[in-house]
Amino acid sequence: MVGSCSIPTSLLRFFSDEAIVKDHLAQASEVFIPSIVISELCYGARKSGRVEANLARVDELVAGSTTLVCDAEAAQQYVRSKTS
């Protein structure tokens, strides 16, 4: 088991059917997705040639995850985690 993982914008690889990303997510005990990443995924889905299918994939991913609210405090915590 991988433990918990936080999903960055590079999650877009998930929607390209990259097996290593899907395997990592499947093994995680918890998945955290920043709200801005969800926005980016929805935007990409709406600009795609398969709008409904891709929005459904976003919904499925979000349903099994914890959404992180991105405020100023979250930004500061991110910086602390990267610099410690």
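The rules behind the values
Residues numbered from 1 in each chain as written. Predicted model: local features only at pLDDT ≥ 70, side-chain atom pairs only at ≥ 80, totals over all residues. Heavy atoms only, no water. Axes fitted to C-alpha atoms, helices over the stretch in contact; angles between N-to-C directions. Helix = DSSP H or I, 4+ residues; strand = E, 2+ residues; numbered from the N terminus. Parallel < 35°, antiparallel > 145°, perpendicular 65-115°, else oblique. Left-handed = near helix turned anticlockwise from the far one by under 90°. Contact = heavy atoms within 4.5 Å. Nonpolar A, V, L, I, M, F, W, Y, C, P; charged D, E, K, R; others polar. Buried < 20%, exposed > 50% of the residue type's maximum accessible area, 1.4 Å probe, protein only. Salt bridge = Lys/Arg side-chain N within 4 Å of Asp/Glu carboxyl O.

Draft legend 1. Representation of the packing of helix H2 (residues 35-47) against helix H3 (residues 51-63) in the model. Contact geometry of H2 with H3 gives a least axis separation of 8 Å together with a crossing angle of 160°. Comparing the axis directions of H2 and H3 gives the class roughly antiparallel. Seen from above, H2 lies across H3 with right-handed handedness. Here Ile38, Leu41, Cys42, Ala45 and Arg46 of H2 come into contact with H3, specifically with Val51, Asn54, Leu55, Val58, Leu61 and Val62. Class assignment for the residues of the contact of H2 with H3 results in nine nonpolar, one polar and one charged.

Draft legend 2. Seen up close, the environment of Ala56. Its location among the elements puts Ala56 in helix H3. Residue classification places Ala56 among the partly exposed positions, given a relative accessible area of 42%. For the pair Ala56 and Ala45, spaced eleven residues apart in the sequence, the C-alpha separation amounts to 9.1 Å.

Draft legend 3. Examining the pattern of salt bridges more closely. Scanning the model with the defined rule gives one salt bridge in all. Between Arg80 and Glu73 there is a salt bridge, with its nearest N and O atoms 3.0 Å apart. For Arg80, a relative accessible area of 42% corresponds to the partly exposed category. With relative accessibility at 41%, the residue Glu73 sits in the partly exposed group.

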